[in-house]
Amino acid sequence: MSLRPLTTPWFHGPAGHEKIWLGCAILWCFVMSLMMPYWHFRGKQNSTGEAYTVRPVDFLARTEKFVASNRVGTFKNPIANALMQELPIAEPPAGGDAYLMGRMWQWYPALRLRQGETYRLHLSSLDLQHGFSLQPLNMNFQVLPGYDHVLTLTPTSKGEFTIVCNEFCGAGHHAMTGKIFVE
Ligand code: CUA
């Protein structure tokens, strides 16, 4: 028989350095917990929390309508090795609404924005959860089907910004990229 009852007392409480390390870990837990509400109020890249429920099919229709009336060009997106994806570039009116849709596996459409103008960026997904990650700024938002997540956005610098997906979403996840041009 290999199982034997434990010899008592089997539990030895933390002692010496162990106590210090445990204390540091617990203290850090408190610091991290307090940082969450702190950044909620002080962070400059936070979501406004404005969101609406929307059927994916309706969000698709709004995005298609937005693209049809604001299209300014085409972007050839080199997504992986020899693969190329053509995306329409849409430019919303200053102060207006922009639509960006995540789906397996693209961010649609590419957007052209003006520095210093404020936009309402509507983000949603057609199929499953994607992660909107704007590089190199490292702004991150969860994109969920069924929700129209509205971000109030004012680009502060010009350039080309790449959107990557940072939520694993299947075979083409690594190739799910998009573009925002700021002029
Ligand atoms: Cu979309 Cu990963």
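Higher on the page you've got the structure.
Anyway, here's the lowdown on the structure attached to this text. (Residues numbered from 1 in each chain as written. Predicted model: local features only at pLDDT ≥ 70, side-chain atom pairs only at ≥ 80, totals over all residues. Heavy atoms only, no water.)

A look at helix 2 (residues 56-70)
- For helix 2, with 15 residues, the first-to-last C-alpha span of 21 Å sits near the 21 Å given by 1.5 Å per residue.
- Listing the buried residues of helix 2 in full gives Phe 59, Thr 63, Phe 66, Val 67 and Asn 70. Buried residues along helix 2 cover an arc of 95 degrees about the axis, so they all sit on one side. Set apart from the buried face of helix 2 by more than 90 degrees, the exposed residues are Lys 65, Ala 68 and Ser 69. (Helix = DSSP H or I, 4+ residues; strand = E, 2+ residues; numbered from the N terminus. Expected span 1.5 Å × (residues − 1). Buried < 20%, exposed > 50% of the residue type's maximum accessible area, 1.4 Å probe, protein only. Arc of directions from axis to C-beta.)

Some words on the packing of aromatic side chains
- Enumeration over the complete set of coordinates arrives at seven aromatic pairs.
- Between Trp 107 and Phe 132 the ring centres are 5.9 Å apart and the planes differ by 90 degrees, which places this aromatic pair in the edge-to-face class. One end of the pair, Trp 107, is in strand 5 (residues 106-108); the other, Phe 132, is in strand 8 (residues 130-135), with 25 residues separating them in the sequence.
- Phe 132 gets classed as buried once you look at its relative accessible area, which sits at 2%.
- Relative to Phe 141, the ring of Phe 132 lies with its centre 6.4 Å away and its plane at 40 degrees, an arrangement referred to as tilted. Neither residue differs from the other here; Phe 132 and Phe 141 are each classed as buried.
- Grouped by ring-pair contacts, the aromatic residues Phe 59, Phe 66 and Tyr 99 constitute a single cluster.
- Across from the ring centre of Tyr 108, 4.9 Å away, lies the NZ or CZ of Arg 103, which sits over that ring. (Phe/Tyr/Trp six-rings, centres within 6.5 Å; stacked < 30°, edge-to-face > 60°. Lys NZ or Arg CZ within 6 Å of the ring centre and 35° of its normal.)

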